[in-house]
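Descriptive structure summary
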Amino acid sequence: MFPSRTISLAINWPWAELYAFLSNPQTINRWTQGLFPTPLSPVTDHTWRTLYDGEEVIIAFTPANPFGVLDVELIWTDKPPRHYVARLFPNGEASELCCTIIQRPGESDAAFASECEWVRIDLDILKTYIESL
């Protein structure tokens, strides 16, 4: 078993609208600090290709579903994939977003902590972006 961290935040936006936004892969660069410098290009309906830190990466998105599942997996050719377990659920008239990150085999504690901090920052950006619409 590997260490994990769950980041949760309330977002003052209706669940259905926020889910529609987040389940669309083409919105990811609007709230991830431009994490992917090149546009995403589709491979299949739920898999996209782009560059990350100068390397090609495949991004696998969970298909839209009625359960609020928004899992994403980044897949490289030369290192273990990074899986983000994400759930969105209604919280009154707003939404609650939870994202769990699991430390990868061989990943240092410092690298894992850094990854978790980047996710927290991205989710804060998402909250600010969505609530300003």
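Above this note sits the structure.
Residues numbered from 1 in each chain as written. Predicted model: local features only at pLDDT ≥ 70, side-chain atom pairs only at ≥ 80, totals over all residues. Heavy atoms only, no water.

1. Some thoughts on the pattern of salt bridges
What counts is decided by this rule: Whenever Lys or Arg places a side-chain nitrogen within 4 Å of a carboxyl oxygen from Asp or Glu, that contact is recorded as a salt bridge. In this text, helices come from DSSP runs of H or I with a minimum length of four residues, and strands from runs of E with a minimum of two, each type numbered from the N-terminal end. Buried residues are those whose accessible area, probed at 1.4 Å on protein chains only, stays under 20% of the maximum for their type, while exposed residues exceed 50% and partly exposed ones sit between those limits.
Tallying each qualifying case throughout the model produces 7 salt bridges. Notably, a salt bridge pairs Asp71 with Arg87, separated by 2.4 Å at the nearest N-O pair. Of this pair, Asp71 sits in the loop between strand 4 (55–61) and strand 5 (72–75) while Arg87 sits in strand 6 (residues 82–91), and the two are 16 residues apart along the sequence. On the basis of relative accessible area, Asp71 is assigned to the buried category, the value being 12%. Note that Asp124 and Arg120 form a salt bridge whose closest N and O atoms lie 2.5 Å from each other. Note that Asp124 and Arg120 are positioned in helix 2 (residues 109–131) at a spacing of 4 residues, about one turn of the helix. Accessibility expressed as a relative area gives 33% for Asp124, which makes it partly exposed. In the salt-bridge network here, residues are joined through shared partners; they are Glu117, Arg120 and Asp124.

2. Let's talk about the sheet that holds strand 5
The strands making up a sheet are joined through hydrogen bonds of the backbone, oriented either antiparallel or parallel. Applicable threshold: Whether two strands pair depends on DSSP finding at least two bridges between them. The contact criterion used is simple: two residues touch if any of their non-hydrogen atoms lie within 4.5 Å. Between N-to-C directions, angles span 0 to 180 degrees; the directions come from axes that are lines fitted to C-alpha atoms, helices contributing only their stretch in contact.
Reading across the sheet, the 7 strands line up as 1-7-6-5-4-3-2 and stay open at both edges, with antiparallel pairing between neighbours. In this open sheet, the two strands that pair with only one neighbour each are strand 1 (4–11) and strand 2 (41–42). In the sheet, strand 4 pairs with strand 5 via 4 bridges, with the strands oriented antiparallel. Residue pairing for strand 5: Phe61 is matched across the bridge by Val72. Along the sheet, helix 1 (residues 15–22) contacts strand 1, strand 6 and strand 7 (94–102); its crossing angle with strand 6, the most-contacted strand, is approximately 160°. Seen against the sheet, helix 2 touches strand 1, strand 6 and strand 7 and runs at an angle of roughly 10° to strand 1.

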